[in-house]
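# A look at the structure
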Amino acid sequence: MKSSGDNSASTMSIGALAARFGLAPHVLRHWESMGLLHPVRDAGGRRRYGPDDLTRVATILIGKAAGLGLDTIRSLSATTERTTRHEILRAEADQLRSRIAAARASLELIEGDLNCEYEDVIQCPNYRRLIAEQVGARVPAHGRARGGKPPAQRGD
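The residue numbers shown here count from 1 along each chain, following its written sequence. Only residues with pLDDT of at least 70 get local features here, since the model is predicted, and only at 80 or more are side-chain atom pairs given and counted; chain-wide, interface and lining totals rely on the full set of residues. Values reported for side chains reflect all heavy atoms of the structure, with hydrogen atoms and water molecules removed beforehand.

## Focus on the overall build of the chain
This is how the line gets drawn: The helix and strand labels rest on DSSP assignments: H or I over at least four residues marks a helix, E over at least two residues marks a strand, and numbering proceeds from the N terminus. With a 1.4 Å probe rolled over the protein chains alone, any residue whose accessible area is under 20% of its type maximum counts as buried; one over 50% counts as exposed, and the rest are partly exposed. Contacts are assigned to residue pairs with any non-hydrogen atoms lying within 4.5 Å of each other. Computed by Shrake-Rupley with a 1.4 Å probe, the accessible areas treat only the displayed protein chains as cover when residues are assessed.
A count of helices and strands for the chain gives seven helices and two strands. Buried positions account for 27% of the 156 residues belonging to the chain. The contacts of the chain with a sequence gap of at least 6 include a subset with a gap of at least 24, amounting to 43%. Split by element, the accessible area of the chain, about 10700 Å² in all, is 53% carbon and sulfur.

Take a look at the structure:
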């Protein structure tokens, strides 16, 4: 018979919580070691997770999906001050904008290569233009054919 002080009905084990989110239990232990989770312990010393812990795990997962690191998530969860939270998020937003710009530039370069009709992509005027834009210098566009066509298609 359970004692009246036993709250195991409202809590779950580390295995149950991990399974609920599709995680391995060691992930929850790691998050605990980083100060992201603070489970209570039962009389036997086993971790017990309650409803607030479910919310914290969901918050961590959403933050990670948004590209936040665990240190940032810990900082955000440790503050209740709106100004501090906004400072942290502004820095993250700036870093994300920088990564997005770099990814866009990379995609443009890859698409430029994919759209090039030249055998040797470095002879392609459009590809050379993209390179020049990314390097920030003028790259000579030699190999430019009449009508913008590769030499093989000019009929010379």
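Having seen the model, we can carry on.
## Concerning the pattern of salt bridges
Selection criterion: One speaks of a salt bridge when a side-chain nitrogen belonging to Lys or Arg is within 4 Å of a carboxyl oxygen belonging to Asp or Glu.
Taken as a whole and assessed by the stated rule, the structure comprises seven salt bridges. Residue Arg 74 pairs with Asp 71 through a salt bridge whose shortest N-O separation is 2.9 Å. With a gap of three residues between them, Arg 74 and Asp 71 both fall in helix 4 (residues 70-78), about one helical turn apart. On the basis of relative accessibility, which here comes to 30%, the residue Arg 74 falls in the partly exposed class. A salt bridge links Asp 94 to Arg 97; the nearest nitrogen and oxygen atoms lie 3.0 Å apart. Taken together, the positions of Asp 94 and Arg 97, both in helix 5 (residues 82-114) and three residues apart, correspond to about one turn of that helix. On the accessibility criterion, Arg 97 (53% relative accessible area) is exposed. Through salt bridges that share partners, Glu 32, Arg 41 and Arg 47 make up one connected network.

## A short note on the environment of Phe 21
Mapped onto the fold, Phe 21 is located in helix 1 (residues 14-21). Sequence separation between Phe 21 and Val 57 is 36 residues; the distance between their C-alpha atoms is 8.1 Å. Aside from chain neighbours lying at most four places away, what touches Phe 21 is Leu 54, Val 57, Ala 58 and Leu 61.

## Details of helix 1
Here is the rule we go by: Our arc is simply the arc of the directions from the helix axis toward the C-beta atoms.
Of the residues making up helix 1, those classed as buried are Ile 14, Leu 17 and Ala 18. Along helix 1, the residues classed as buried sweep out an arc of 100° about the axis, all on the same side. With respect to the buried face of helix 1, the exposed residues turned more than 90 degrees away are Ala 19 and Arg 20. At its buried positions, helix 1 is contacted by helix 2 (25-33), strand 2 (47-48) and helix 3 (51-65). One or two steps after helix 1, the chain reaches Gly 22, where phi turns positive at roughly 70°.

## A look at helix 3
Selection criterion: A helix's residues, less one, multiplied by 1.5 Å, set its expected span.
The terminal C-alpha atoms of helix 3 lie 21 Å apart, and with 15 residues this matches the ideal 21 Å at 1.5 Å per residue to within 8%. Its buried side turned inward, helix 3 meets helix 1, helix 2, strand 2 and helix 4.

## A short note on the nonpolar core
This is how it is decided: In this description, a nonpolar core means a group of buried Ala, Val, Leu, Ile, Met, Phe, Trp, Tyr and Cys residues linked to one another through side-chain atoms lying within 4.5 Å.
Formed by 19 residues in total, the largest nonpolar core has its most connected members in Leu 28 and Trp 31. Secondary structure elements with two or more residues in this core: helix 1, helix 2, helix 3 and helix 4. Apart from the residues lying within four places of it in its own chain, the contact partners of Trp 31 are Leu 23, Leu 36, Leu 37, Val 57, Ile 60, Leu 61, Lys 64 and Leu 70. In this structure, Cys 116, Val 121, Tyr 127 and Leu 130 belong to the second largest nonpolar core, which totals seven residues.

## A word on the environment of Asn 115
Position of Asn 115 relative to the elements: it lies in the loop between helix 5 and helix 6 (125-135). A C-alpha to C-alpha distance of 8.9 Å links Asn 115 and Tyr 127, two positions twelve residues apart in sequence.

## What about the confidence of the model for the chain?
As a general rule, the predicted coordinates of low-pLDDT regions are not to be interpreted in detail. Let me state the cut-off plainly: Scored between 0 and 100, pLDDT is the confidence that the predictor attaches to each residue.
Scored by pLDDT, the chain has a mean of 84; 81% of the residues are at 70 or more. Within the model, the stretch residues 143-149 combines pLDDT values under 50 with 14 contacts to residues more than four positions away or in other chains.

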